[in-house]
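Residue-level structure breakdown
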Amino acid sequence: MTAQLNARGDVAVVVPAAGAGVRLGPGAPKALRLLDGEPLLVHAVRRLAAAPSVRMIVVAAPPADVEAVHDLLAPVAPVTVVPGGAERQESVAAALAVVPDEVAIVLVHDAARCLTPPSVVERVAAAVRAGADAVIPVLPVVDTIKEVGADDTVLGTVDRSVLRAVQTPQGFRATVLRAAHRAAADLHTDDAGAVEKLGRPVLCVPGSDLALKITRPIDLALATHLLALPDPDA
């Protein structure tokens, strides 16, 4: 049975959290690394649970840690925990499989973006609710981007005005996300990209500077300072 968070909510959030996170250095699976004394996954689930639209959260954990992850999250929010796969795509599929058919909106969120504010969750969900097949939160690209050849010679400067940095949660009509996973011929790390391959449009909404992805040790240091900042949309 899936755990229910908010009976009035109409959104399920899938959190693939079985990855090792090798770029973060040796240690526990990435989602279980500590930020200010708590695992990234705890921070992420706490913020997801604070979004009024969220009815349920399904976490795909390392298979050996399912029970431990459930016990870890139980004091934070009612969460369903399932065994994840070797690849992110497999973990998303495993979590999606336990989302009831009557839940029409599914968000996929990276535990590594553990400081994503509830306002971003609500913004993505609202856009799907308004009729979009797929929605991604984005930020403008602020750095100058160069196209570089194999010999490290600059080939040209990319027009950054048409570029966006993509964050999570990514939101979908549940039927569209399931169709994208069934149709996927190759492994993918971006669910919106799989929907693009179906020929469906993907809508952008504003993301948040707080939703940085913790990938390297320096990201953990930055996130420690961001913990004290309020949600700018609150």
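Owing to the predicted nature of the structure, the values given are computational and were not obtained by experimental measurement.

**Things to note about the environment of Thr224**
Within the secondary structure, Thr224 is located in helix H7 (residues 217–226). For Thr224, a relative accessible area of 38% gives the class partly exposed. Taking the C-alpha atoms as reference, Thr224 lies 28 Å from Val92; in sequence the two are 132 residues apart.

**Quick word on the pattern of salt bridges**
Here the idea is simple: oppositely charged side chains can pair when their charged atoms come close. Applying the stated rule across the entire model yields 9 salt bridges. For Asp133, the salt bridge goes to Arg173, with nearest N and O atoms at 2.7 Å. Of this pair, Asp133 sits in the loop between helix H4 (118–129) and strand S7 (134–140) while Arg173 sits in strand S11 (residues 170–173), and the two are 40 residues apart along the sequence. Using a relative accessible area of 13% as the deciding quantity, one classes Asp133 as buried. What makes Arg173 partly exposed here is its relative accessible area of 31%. The partner of Asp133 in a salt bridge is Arg200, and the shortest N-O contact between them spans 3.3 Å. One end of the pair, Asp133, is in the loop between H4 and S7; the other, Arg200, is in the loop between helix H6 (191–197) and strand S12 (202–206), with 67 residues separating them in the sequence. Look at the salt bridges and you will find they share partners, linking Arg88, Asp110 and Asp191 into a network.

**Some points on the packing of helix H1 (residues 40–49) against helix H2 (residues 66–73)**
One way to put it is that H1 packs onto H2 with a least axis distance of 10 Å and a crossing angle of 50°. Taken as axis vectors, H1 and H2 run oblique relative to one another. Along this stretch, H1 crosses H2, giving a crossing that reads as right-handed. Listed contacts from H2 to Leu41, Val42 and Val45 of H1 are Val69, Leu72 and Leu73. Of the residues that constitute the contact of H1 with H2, the class distribution is 6 nonpolar, no polar and no charged.

**Quick notes on the layout of surface pockets**
Taken as a whole, the second largest pocket encloses approximately 250 Å³ of empty space. In terms of lining residues, the second largest pocket is bounded by 13 residues, among which Leu139, Pro140, Val141, Val142 and Ala165 are the most central. Of the residues that constitute the lining of the second largest pocket, the class distribution is 8 nonpolar, 1 polar and 4 charged.

**Some thoughts on the UniProt feature "site: Positions MEP for the nucleophilic attack" (unreviewed entry) in the protein chain**
Taken from the UniProt record, the annotation "site: Positions MEP for the nucleophilic attack" (unreviewed entry) applies to Arg160 and Lys213. Lining the second largest pocket, from the set of annotated residues above, are Lys213. Considering the arrangement of structural elements, one finds Arg160 in the loop between strand S9 (154–158) and strand S10 (164–166). Within the structure, Arg160 has its side chain in polar contact with the backbone oxygen of Val142 (distance 2.7 Å). By the secondary structure assignment, Lys213 is in the loop between S12 and H7. If sequence neighbours within four positions are ignored, Lys213 has contacts with Lys30, Asp110, Ala112, Arg113 and Asp219.

**Description of the environment of Met56**
Position of Met56 relative to the elements: it lies in strand S4 (residues 54–61). Residues Met56 and Ala86, 30 residues apart in the sequence, show an inter-C-alpha distance of 24 Å. Sequence-distant contacts of Met56, defined by excluding residues within four places in its chain, comprise Thr2, Ala3, Leu5, Val11, Ala12, Val13, Val98, Pro100 and Val103.

**Observations concerning helix H3 (residues 88–96)**
Inspection of H3 places Arg88, Gln89, Ser91, Val92, Ala95 and Leu96 among the buried residues, and these make up the whole buried set. Projected down its long axis, H3 carries its buried residues within an arc of 160°, all on one side. Packed against the buried residues of H3 are strand S1 (11–16), S4, strand S5 (80–83), strand S6 (105–108), helix H5 (174–183) and H6.

Parameters and conventions
- Residues numbered from 1 in each chain as written.
- Predicted model: local features only at pLDDT ≥ 70, side-chain atom pairs only at ≥ 80, totals over all residues.
- Heavy atoms only, no water.
- Helix = DSSP H or I, 4+ residues; strand = E, 2+ residues; numbered from the N terminus.
- Buried < 20%, exposed > 50% of the residue type's maximum accessible area, 1.4 Å probe, protein only.
- Salt bridge = Lys/Arg side-chain N within 4 Å of Asp/Glu carboxyl O.
- Axes fitted to C-alpha atoms, helices over the stretch in contact; angles between N-to-C directions.
- Parallel < 35°, antiparallel > 145°, perpendicular 65-115°, else oblique.
- Left-handed = near helix turned anticlockwise from the far one by under 90°.
- Contact = heavy atoms within 4.5 Å.
- Nonpolar A, V, L, I, M, F, W, Y, C, P; charged D, E, K, R; others polar.
- 1 Å grid on protein atoms, 1.4 Å probe; cavity = no way out; pocket = protein on both sides within 12 Å on 5 of 7 lines; lining within 4 Å.
- Points joined across faces, edges and corners; volume = space filled by probe spheres on them.
- UniProt positions renumbered as here; feature names shortened; annotations may be inferred.
- Polar contact = N/O pair within 3.5 Å; in protein donor to acceptor, adjacent residues only side chain to side chain.
- Arc of directions from axis to C-beta.

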